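Here are the chains, one letter per residue:
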Amino acid sequence: QHLPLHHHVTEMGCCASTPQDQPSSRSTNTTNKLTKKNVQTRVQNWHSTGIVSLRDCSLTRIPLEPIASLVEMIQTKDNKIKTIDVTNNRIAEIPISVFVDIGKSVQRLILGKNTLKSLDTFFVHLKQLKVLDAHANAIETVDWRLLTKHCTKLKSLNLRGNMLKEVNLEELGKMEMLEDVDVSENGRLDRLGRSAESSSSSTPNATPTATPSEEKDRENEEKWRSLTSFAATKCNLLSIPDSFLPPKIKTILLDDNPRLLGLPRDLFQNCPLLQRVSAHRCPAMESKSIETMNGYSEFLEKVHQSNDKKIKVGVLLGSRYGDDGFDRKMMGDERLDGLKS
């Protein structure tokens, strides 16, 4: 569980670390390869546990023959496949045929540490999907509309360490059960949906009698109903749309975005459950622009109260008292905003 605050001793203007575009190198495990001798045993294990485990198998593709055998077993017995894990292989493509017969019950799809470049058509067969983890691939594109339309039960989305250029917040915001999104370490990522200017405009279908403020409130209530955590660290973001105001958000992590200029202007005012914002090493972001945002002083007071409670029970270890998540210039040992060092 994340502590609300954490320790960073940096100065405004400090160079951000360079995000990595390429997925990390991955080891191969020759002892776990799928062979003619062990394939039947593996299929039986998949059937009995409900977990198709193909981790560390040195695969370049998902083997269709064992999947076909598994489908035959499922048809004769009432077992369901709930997890597919192909972590740490060299798989570059996921054929839609893999999920035609077994996808309807899959709740967890783990694709981490492969060489995938896109996520798209197979979403149509994953109606029960709750967890999608595709970290450390080479993903450049995601069909956000298909994901939103078909994976309506998704709770966790991990696309950390890929090559995304944009993330469509407008589509993701429609996912009513989505709780956690991590798109960190996408060094090419500079856009999160539509621009802040267009996101603040009134909705086309709004009633003529509604004021712009009422239209905006209605629009935000219909989006991000369950989101509690959003991470986009080590990216190349320019801005966050003003419409990004998840009502249940608790944590927003934006460290190491050297070009990021600011936050959604009503973030502190319209997100009452917000506990932690971290935007360290974002030199383009001016602290004064943050401090003048509506609701910031109340947020800062909440940060102080949270720290006071943790100090009393002795759990505030490795954190800096009063750190609100933003870098400021230092004068001697004292922060210019008056917070304790």
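Residues numbered from 1 in each chain as written. Predicted model: local features only at pLDDT ≥ 70, side-chain atom pairs only at ≥ 80, totals over all residues. Heavy atoms only, no water.

J.: Any chance you could break down the overall build of the protein for me, citing the residues and the numbers?
T.: Assigned secondary structure in the protein consists of nine helices and 15 strands. A fraction of 63% describes how many contacts in the protein between residues 6 or more apart in sequence connect residues 24 or more apart. Total accessible area computed for the protein in this model is approximately 17,100 Å², and 50% of it derives from carbon and sulfur atoms. (Helix = DSSP H or I, 4+ residues; strand = E, 2+ residues; numbered from the N terminus. Contact = heavy atoms within 4.5 Å. Areas by Shrake-Rupley, 256 points an atom, 1.4 Å probe, with all protein chains shown as cover.)

J.: Please give an account of helix 1 (residues 39-49) that cites residues and values.
T.: Inspection of helix 1 places Arg42, Val43, Trp46 and His47 among the buried residues, and these make up the whole buried set. Along helix 1, the residues classed as buried sweep out an arc of 135° about the axis, all on the same side. Exposed side chains of helix 1 directed beyond 90 degrees from the buried face belong to Ser48 and Thr49. Trailing helix 1 by a residue or two, Gly50 shows a phi angle of about 80°, which is positive. (Buried < 20%, exposed > 50% of the residue type's maximum accessible area, 1.4 Å probe, protein only. Arc of directions from axis to C-beta.)

J.: Go over a positive patch on the surface with me, naming the residues and quoting the values.
T.: A surface patch of like charges, here positive, comprises Lys80, Lys82, Lys104, Lys130 and Lys155. Along the polypeptide, Lys130 turns up in the loop between strand 4 (118-119) and strand 5 (131-133). Its relative accessible area of 31% is what places Lys130 among the partly exposed residues. (Patch = residues over 30% accessible without salt bridge, like charges linked within 9 Å, V, L, I, M, F, W, Y side chains within 5 Å. Salt bridge = Lys/Arg side-chain N within 4 Å of Asp/Glu carboxyl O. Lys, Arg positive; Asp, Glu negative; His and termini not counted. Charge placed at Lys NZ, Arg CZ, Asp CG, Glu CD.)

J.: Help me get a handle on the environment of Gln40, residues and values and all.
T.: Summarising the element assignment, Gln40 is placed in helix 1. Under the relative-accessibility criterion, Gln40 is labelled partly exposed at 41%. With 30 residues separating them in the primary sequence, Gln40 and Leu70 have C-alpha atoms 9.4 Å apart.

J.: I'd love a proper account of the sheet that holds strand 11 (residues 229-231), names of residues and values included.
T.: Pairing is parallel in the open sheet, where nine strands are placed in the order 1-2-3-5-7-9-11-12-13. Bordering the open sheet on either side are strand 1 (51-53) and strand 13 (276-278), each of which pairs with just one other strand. Sheet twist, expressed as the mean angle between neighbouring strand axes with direction ignored, is 5°. Bridging between strand 2 (residues 83-85) and strand 3 (residues 108-110) involves three bridges; their strand directions are parallel. (Pairing = 2+ DSSP bridges. Axes fitted to C-alpha atoms, helices over the stretch in contact; angles between N-to-C directions.)

J.: I'd like to hear about the confidence of the model for the protein, residue by residue, with values.
T.: For the protein, per-residue confidence averages 81 on the pLDDT scale, and residues scoring 70 or more make up 74% of the total. Note on residues 195-211: pLDDT under 50 across the span, and 21 contacts to partners over four residues away in sequence or across chains. (pLDDT = per-residue confidence, 0-100.)

J.: Mind laying out the packing of aromatic side chains, listing which residues take part and the relevant values?
T.: Scanning the entire structure with this criterion turns up six aromatic pairs. Pairing Phe99 with Phe122 gives two aromatic rings, centres 5.4 Å apart and planes at 35°, and the pair type is tilted. Of this pair, Phe99 sits in the loop between strand 2 and strand 3 while Phe122 sits in the loop between strand 4 and strand 5; the two residues are 23 residues apart in sequence, bridging distant segments of the chain. According to the relative accessible area criterion, Phe122 is buried, its value standing at 1%. Through a chain of ring-to-ring contacts, three or more aromatic side chains come together here, namely Phe99, Phe122 and Phe123. (Phe/Tyr/Trp six-rings, centres within 6.5 Å; stacked < 30°, edge-to-face > 60°.)

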